[in-house]
Amino acid sequence: MLSLALIIVPVLVAAAPDGAALLARFECHRCHEGTGLTAITESRHCVRCHQAILEDRFEAPKEALVEWRPHLRSLRVVPSLAGIGNVLRREWVEAFLLAPQDLRPELPASMPRFRMSAEEASALARHLVPKESAGPVPSSAHVERGRALYEKHRCGDCHAFSGSGEHPRGDSPYRAMTREASPANPMALAPDLRFTRERLQPAVLRAWLENPRALRPDTLMPSLGLAPKEVDALASFVWHAKLELERAPASKPRLPVLERKVSYAEVEKRVFRKVCWHCHSSPDYNRGDGGPGNTGGLGFAARRLDLSSYEGVAAGLLASDGSRQSVFLPTENGLPRLLAVMLARRSEERGVVSELRGMPLGLPSMSDEEIQLVETWISQGRPR
Ligand code: HEC
Ligand code: HEC
Ligand code: HEC
Ligand code: HEC
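Residues numbered from 1 in each chain as written. Chains lettered and ligands numbered in written order. Predicted model: local features only at pLDDT ≥ 70, side-chain atom pairs only at ≥ 80, totals over all residues. Heavy atoms only, no water.

**Student:** Would you mind going over the packing of helix H6 (residues 90-98) against helix H7 (residues 118-128) in detail, with residue names and values included?
**Tutor:** Where H6 contacts H7, the axes come no closer than 8 Å and their chain directions differ by 140°. Considering the angle they form, H6 stands oblique to H7. Relative to H7, H6 is oriented so that their crossing is right-handed. Taking contact as the criterion, the partners of Arg 90, Val 93, Glu 94, Leu 97 and Leu 98 in H6 are, on H7, Ala 118, Ala 121, Ser 122, Leu 124, Ala 125, Arg 126 and Leu 128. (Axes fitted to C-alpha atoms, helices over the stretch in contact; angles between N-to-C directions. Helix = DSSP H or I, 4+ residues; strand = E, 2+ residues; numbered from the N terminus. Parallel < 35°, antiparallel > 145°, perpendicular 65-115°, else oblique. Left-handed = near helix turned anticlockwise from the far one by under 90°. Contact = heavy atoms within 4.5 Å.)

**Student:** I'd like a rundown of the domain arrangement of the protein chain, residues and numbers included.
**Tutor:** As far as domains go, the protein chain holds domain 1 (16-128), domain 2 (143-240) and domain 3 (264-379). One C-alpha centre belongs to domain 1, the other to domain 2; they are set 22 Å apart. Taken together, the contact between domain 1 and domain 2 spans 24 residues of the former and 27 residues of the latter. Of all residues in domain 1, Val 87, Arg 89 and Glu 106 bury the most surface against domain 2, accounting for 28% of the area lost on that side. Inspection of the region where domain 1 meets domain 2 yields 1 salt bridge. Counting every contact that joins domain 1 to domain 2 gives 12 residue pairs in polar contact (both at pLDDT 80 or more). Ranked by residue count, the leading element in the side of domain 1 that touches domain 2 is helix H5 (residues 84-87), at 4 residues. Broken down by class, the residue content of the side of domain 1 that touches domain 2 amounts to 12 nonpolar, 6 polar and 6 charged. (Domains from an automatic or database assignment. Buried area = accessible area lost by both parts, 1.4 Å probe. Salt bridge = Lys/Arg side-chain N within 4 Å of Asp/Glu carboxyl O. Polar contact = N/O pair within 3.5 Å; in protein donor to acceptor, adjacent residues only side chain to side chain. Nonpolar A, V, L, I, M, F, W, Y, C, P; charged D, E, K, R; others polar.)

**Student:** Kindly report on the coordination of the iron atom of ligand 1, identifying the contributing residues and their values.
**Tutor:** Each pair of donors in an ideal four-coordinate tetrahedral metal site encloses 109.5 degrees, whereas pairs in an ideal six-coordinate octahedral site enclose 90 or 180 degrees. Taken together, His 32 (NE2) and Met 111 (SD) make up the full set of protein donors to the iron atom of ligand 1, lying 1.9 to 2.2 Å away. Because the angles between the 6 donor atoms bound to the iron atom of ligand 1 fall within 87 to 179°, the donor set is best described as octahedral. Here His 32, found in the loop between helix H2 (19-25) and helix H3 (46-54), pairs with Met 111, found in the loop between H6 and H7; they are 79 residues apart in sequence, far enough to count as distant. Take Met 111: its relative accessible area is 18%, and that puts it in the buried class. (Donors = N, O, S within 2.8 Å, 3.2 Å for Na, K, Ca; no water. Tetrahedral: all angles 85-135°; square planar, octahedral: opposite > 155°, others 65-115°. Buried < 20%, exposed > 50% of the residue type's maximum accessible area, 1.4 Å probe, protein only.)

**Student:** Could you give me a rundown of helix H13 (residues 228-240), with the residues and numbers involved?
**Tutor:** Between its terminal C-alpha atoms H13 stretches 18 Å, which fits the 18 Å expected from 13 residues at 1.5 Å a residue. If you check which residues of H13 are buried, you get Glu 230, Val 231, Ala 233, Leu 234, Ala 235, Ser 236, Phe 237, Val 238 and Trp 239. Close packing links the buried residues of H13 with helix H8 (143-152), helix H10 (196-199) and helix H11 (205-210). (Expected span 1.5 Å × (residues − 1).)

**Student:** Please set out the side chain of Ser 164 residue by residue, giving values where relevant.
**Tutor:** Note that Ser 164 resides in the loop between H8 and helix H9 (173-179). A polar atom in the side chain of Ser 164 sits 2.7 Å from the backbone oxygen of Phe 161. Excluding its chain neighbours within four sequence positions, the residues that come into contact with Ser 164 are Arg 147, Lys 242 and Leu 243.

**Student:** Describe the coordination of the iron atom of ligand 3, and please don't skip the residues or the numbers.
**Tutor:** Every protein donor of the iron atom of ligand 3 is accounted for by His 159 (NE2) and Met 221 (SD), and the metal-donor separations fall at 2.0 to 2.1 Å. Coordination at the iron atom of ligand 3 is octahedral, judged from the 6 donor atoms that bind it and the angles of 86 to 178° they form at the metal. Of this pair, His 159 sits in the loop between H8 and H9 while Met 221 sits in the loop between helix H12 (212-215) and H13, and the two are 62 residues apart along the sequence. His 159 gets classed as buried once you look at its relative accessible area, which sits at 11%.

**Student:** I'd like a description of the packing of aromatic side chains, backed by residues and values.
**Tutor:** Overall, the coordinates contain 12 aromatic pairs when judged by the stated rule. With centroids separated by 4.7 Å and ring planes inclined at 15°, the aromatic side chains of Trp 92 and Phe 96 adopt a geometry described as stacked. Of this pair, Trp 92 and Phe 96 both sit in helix H6, 4 residues apart, which is roughly one turn of the helix. The class of Trp 92 is buried, set by a relative accessible area of 10%. Consider the rings of Tyr 310 and Trp 377, whose centres lie 6.5 Å apart with planes at 80°: the pair is edge-to-face. Remark: Trp 377 occurs in helix H17 (residues 368-379) and Tyr 310 occurs in helix H15 (residues 310-315); sequence separation between them is 67 residues. A relative accessible area of 1% means that Trp 377 is categorised as buried. (Phe/Tyr/Trp six-rings, centres within 6.5 Å; stacked < 30°, edge-to-face > 60°.)

**Student:** How would you explain the pattern of salt bridges if you had to name every residue and give the values?
**Tutor:** When their charged atoms lie close together, side chains carrying opposite charge are able to pair. Applying the stated rule across the entire model yields 31 salt bridges. Between Glu 55 and Arg 57 there is a salt bridge, with the nearest N and O atoms lying 2.8 Å from each other. Given the relative accessible area of 39%, Glu 55 is considered partly exposed. Look at Arg 57 and you get partly exposed, because its relative accessible area is 46%. Where Arg 175 meets Glu 106, a salt bridge forms, and the shortest distance between an N and an O atom there is 3.4 Å.

Take a look at the structure:
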């Protein structure tokens, strides 16, 4: 009897994935604060290390810091997860984990697309949003008064509200801050309010407008001292404003390959070292950690793709059957994998998600010219 119990218990545990264990396995705390996990060191934290460099707290020669700083654009800041259980809908969190969408127009990075099963996403969402507050959706009676208040209180200093006819303000004081290297920029973290009616627990919106910090302690949204009637009208506007359909920009044809010669050195400088290398680096460079795209991390197994040298690129990656595979082999669409992943990122940004994971993972796609450069180099036989 006793031995039977010992066998059954571990099976039951394995069947219901534990939220906290999943947060640790996917290393959510390498980007987010407020996960409840023990903090990891700055030398592994994607955002805190960048902030240390921007704020002159990183131990490195002065010249290095001066050179690095202007390059740090994507991961200066990400939203804290502290208190999201008070605010976000569980169902929305679950869907977002499986298919992240871009929420914050001033934040270059978006959530990475993880290798996550539906059960894992569901367990994480239950852990992050244990209980939703019940209550009615905001009244739809004061939309136009809310619109006037939205303008009066300059919500558009920080927020986009796409499709509503409201535009972010060009003279916002926070806009100047984005041009500086300020990690604590409230505008960068302000979501496009278009998504709020899908994201928020409906009963929470009024309380949010009254005192955001009471719900999300780390939030950069200030308390605006609104009167109760103003809160009603603004909630009405945010929840019920008529939204024009946002049309995804049409996919553009790729630029034709260049006539001139393109060397590895040029591709390395403008593409691999500029972006890819930060997740596909040489393990020797950083105490065995070659980044999530090489030695593994963020819940990904080690794919052993090193994009820091010509030899590394030529050596390819580990395929799912464990064999080495060239990154120049064509995928289903006939394009070399290296090119196909960059075009997949383009499509993801337009909301078109395919089986192929877009690269760079969770970051703005490479430009037409950068993609053209890689395609030209491949078509010329990948000269050194
Ligand atoms: C590489 C950095 C990175 C990692 C790792 C990461 N995230 Fe995120 N996450 C982001 C960024 C950037 C955003 C903001 C996206 C946007 O606004 O478009 C975000 C947004 C979110 C949001 C929405 C919060 C809000 O207020 O909009 C949730 C929920 C979330 N992440 C959960 C997770 C979980 C759970 C994990 C681990 C499974 C995780 N994240 C791992 C970068 C990361
Ligand atoms: C130990 C500090 C440190 C850590 C940890 C770190 N980075 Fe960086 N990162 C840097 C430095 C330094 C640069 C600028 C390098 C340069 O200028 O060549 C940089 C630049 C980048 C860039 C290119 C510039 C940009 O903003 O687009 C990306 C992308 C990037 N890092 C992603 C990541 C990701 C993802 C993680 C976590 C998996 C991470 N970094 C962790 C130090 C760090
Ligand atoms: C100084 C910049 C700033 C101003 C001004 C501002 N907000 Fe915000 N707002 C934010 C930030 C930052 C967040 C994101 C909170 C977080 O991630 O912790 C936010 C979040 C929100 C949310 C939650 C949206 C979501 O989808 O999660 C709503 C609703 C909102 N703001 C409405 C307003 C309204 C209405 C006004 C004007 C009365 C306003 N905000 C003014 C910065 C601002
Ligand atoms: C933020 C981290 C990150 C950045 C930046 C990044 N990658 Fe990746 N890359 C990964 C991870 C993680 C994997 C493993 C994905 C998997 O196993 O599904 C990967 C896998 C790949 C693969 C194999 C994909 C497949 O389906 O077999 C290619 C090719 C690739 N990356 C190319 C690039 C290129 C090119 C760039 C720069 C334009 C880049 N990566 C930037 C994290 C990153």
